[in-house]
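Structural overview
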Amino acid sequence: MRPPVSLVDGKPRGSLDVADRGLLYGDGLFETIRVENGCPCLWAAHMARLGLGAERLGMPAPDVVLLRSEADRLSAEAGDGDGVLRITLTRGVGQRGYRPPSPCLPTRIVTLYPGSGRSDRRVSERDGVRLTVCRMQLAEQPRLAGIKHLNRLEQVLARAEWDDPEIVDGIMTDSSGRAVCGTMSNFFVLDDSGLRTPRVDRCGVAGTVRALVMARAPSLGLPVREADMGLEELTQARALFITNALLGVLPAAALDARRYDPREIPRELIEAVRQAALQSESET
Ligand SMILES: Cc1ncc(COP(=O)(O)O)c(C=O)c1O
């Protein structure tokens, strides 16, 4: 496997200032993007979420054209293959203390991790994946809900709860016991009335693939509703699947002791989302 390659503010092998607020306070945003044949999938959706995050945090709007040129440069250097692109945008360097610097000069880190997850993903799409329920809960903070900010300690602590490599993700609840998302994914339940997915307006991340499923599923005869749900609704559902930019749509085979039939998730949905993600690769 080839090592990752990075640009910090456009410089190869650049380094980070010890006073960078991304490091000191998690003051910034990130995106994790699937790259296929050198092209970043769902580029426009990732950039829209980054832009929304910058607006919410009061940071300058990201230079999307510059980010794309840096992503393309790293992809070309790596041979235009498959990989994972991580874009991190911090509020940059400031004085000691929380007060945001003015003016603010954001730090840009673009990293490409070469390597393909395609064959593993195909197996997981067919056989389904195992999930668990996490004890760690999400705090509710509407001002930060939906965006992909750098404060991820809740997910770090949740992910520390299991070692079993067979378990792909853990479902997290909020402090009122509503199931919200996976540590690194969104989820949908399927029953006779169609698909339901939790709202992400109190906590959670508004996933790019979540939005794609919501847009595509109705045309496949699967209406989608956003709804509050408890864990018992996940266990009572006919089927369950998780979504994220790297994994696409992955049916659950199990949520702890509850087993599901992964074939309940229509293949057309998995395929439609995969195709849509690939077709949107060149949008800016
Ligand atoms: C906490 C969390 N929720 C949801 C998602 C899914 O978002 P996306 O579909 O854009 O990958 C992620 C992705 O990493 C995540 O970390």
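These figures come from a predicted structure and were not determined experimentally.

What counts, and where the lines are drawn
Residues numbered from 1 in each chain as written. Predicted model: local features only at pLDDT ≥ 70, side-chain atom pairs only at ≥ 80, totals over all residues. Near = placed C-beta within 6 Å. Helix = DSSP H or I, 4+ residues; strand = E, 2+ residues; numbered from the N terminus. Nonpolar A, V, L, I, M, F, W, Y, C, P; charged D, E, K, R; others polar. Domains from an automatic or database assignment. Contact = placed C-beta atoms within 7 Å. Pairing = 2+ DSSP bridges. Axes fitted to C-alpha atoms, helices over the stretch in contact; angles between N-to-C directions. Expected span 1.5 Å × (residues − 1). Buried ≥ 20, exposed ≤ 12 C-beta atoms within 10 Å, placed from the backbone. Arc of directions from axis to C-beta. Core = buried A, V, L, I, M, F, W, Y, C linked by C-beta atoms within 7 Å.

Right, let's get into the site of the ligand. Surveying the vicinity of the ligand reveals 14 residues, the closest of which are Val205, Gly207, Thr208, Asn244 and Ala245. Mapped onto the shell around the ligand, the elements with two or more residues apiece are helix H6 (208–216) and strand E13 (239–244). The biggest single contributor to the shell around the ligand is H6, with three residues. For the shell around the ligand, the residue count by class is five nonpolar, eight polar and one charged.

Here we come to the domain arrangement of the protein chain. As far as domains go, the protein chain holds domain 1 (5–116) and domain 2 (121–282). Taking only C-alpha atoms into account, the centre of domain 1 sits 25 Å from that of domain 2. In this complex, domain 1 contributes 25 residues to the contact, which on the side of domain 2 involves 16 residues. Residue classes in the side of domain 1 that touches domain 2 are distributed as 13 nonpolar, six polar and six charged.

Bringing the sheet that holds strand E5 (residues 83–90) into the picture now. An order of E2-E1-E6-E5-E3-E4 is seen for the six strands of this open sheet, with the pairing classed as antiparallel. Each having just a single partner strand, strand E2 (11–12) and strand E4 (39–40) make up the two edges of the open sheet. The pairing of strand E1 (residues 5–8) with E2 spans two bridges and is classified as antiparallel. Bridging across to E2, Leu7 finds its partner in Pro12. Strands strand E3 (28–36), E4 and E5 of the sheet are contacted by helix H2 (residues 43–57), whose axis makes an angle of about 180 degrees with E3.

Attention now goes to helix H8 (residues 267–279). Between its first and last C-alpha, H8 extends 18 Å over 13 residues, near the 18 Å set by a 1.5 Å rise per residue. Of the residues making up H8, those classed as buried are Leu269, Ile270 and Ala277. Each buried residue of H8 sits inside an arc of 100 degrees when the element is viewed along its axis, so together they form one side. Turned more than 90 degrees away from the buried face of H8 sit Arg267, Gln275 and Gln279, all of them exposed.

A separate point is the nonpolar core. Of all hydrophobic cores here, the largest spans 58 residues; its most connected members are Ile171, Leu240, Phe241 and Ala252. Residue assignment places this core across two domains, with domain 1 (5–116) and domain 2 (121–282) each supplying three or more. Discounting residues that sit within four places of it in the chain, Leu240 has contacts with Phe187, Val189, Leu234, Ala252, Leu255 and Tyr260.

Excluding glycine, residues mostly have negative phi values, and the peptide bonds linking residues are mostly trans. Here the amide bond leading from Ser102 into Pro103 is cis, since omega sits at 0 degrees, within 30 degrees of zero. Checked against the element boundaries, Pro103 lands in the loop between E5 and strand E6 (107–114).

A few words now on the environment of Gly221. Note that Gly221 resides in the loop between H6 and strand E12 (224–226). Remark: the alpha-carbon pair of Gly221 and Asp80, spanning 141 residues in sequence, is separated by 37 Å.

Of all eight residues in strand E14 (residues 248–255), six are buried, a share of seventy percent or more. As defined by bridge partners, strand E7 (residues 129–133) adjoins E14 across three bridges and the pair is classed as parallel. Each bridged residue has a counterpart across the sheet, and for Arg130 the counterpart in E14 is Ala254. Bridge analysis of E13 against E14 gives four bridges, and the strand direction is antiparallel. Each bridged residue has a counterpart across the sheet, and for Ile242 the counterpart in E14 is Leu250. The antiparallel hairpin formed by E13 and E14 contains three residues in its connecting segment. Pairing geometry for E14 and strand E15 (residues 258–259), over two bridges, is antiparallel. Residue Leu255 lies in a different strand from E15, and its bridge partner there is Arg258. Between the end of E14 and the start of E15, which pair antiparallel, lie two residues, with Asp256 showing a positive phi angle near 50 degrees.

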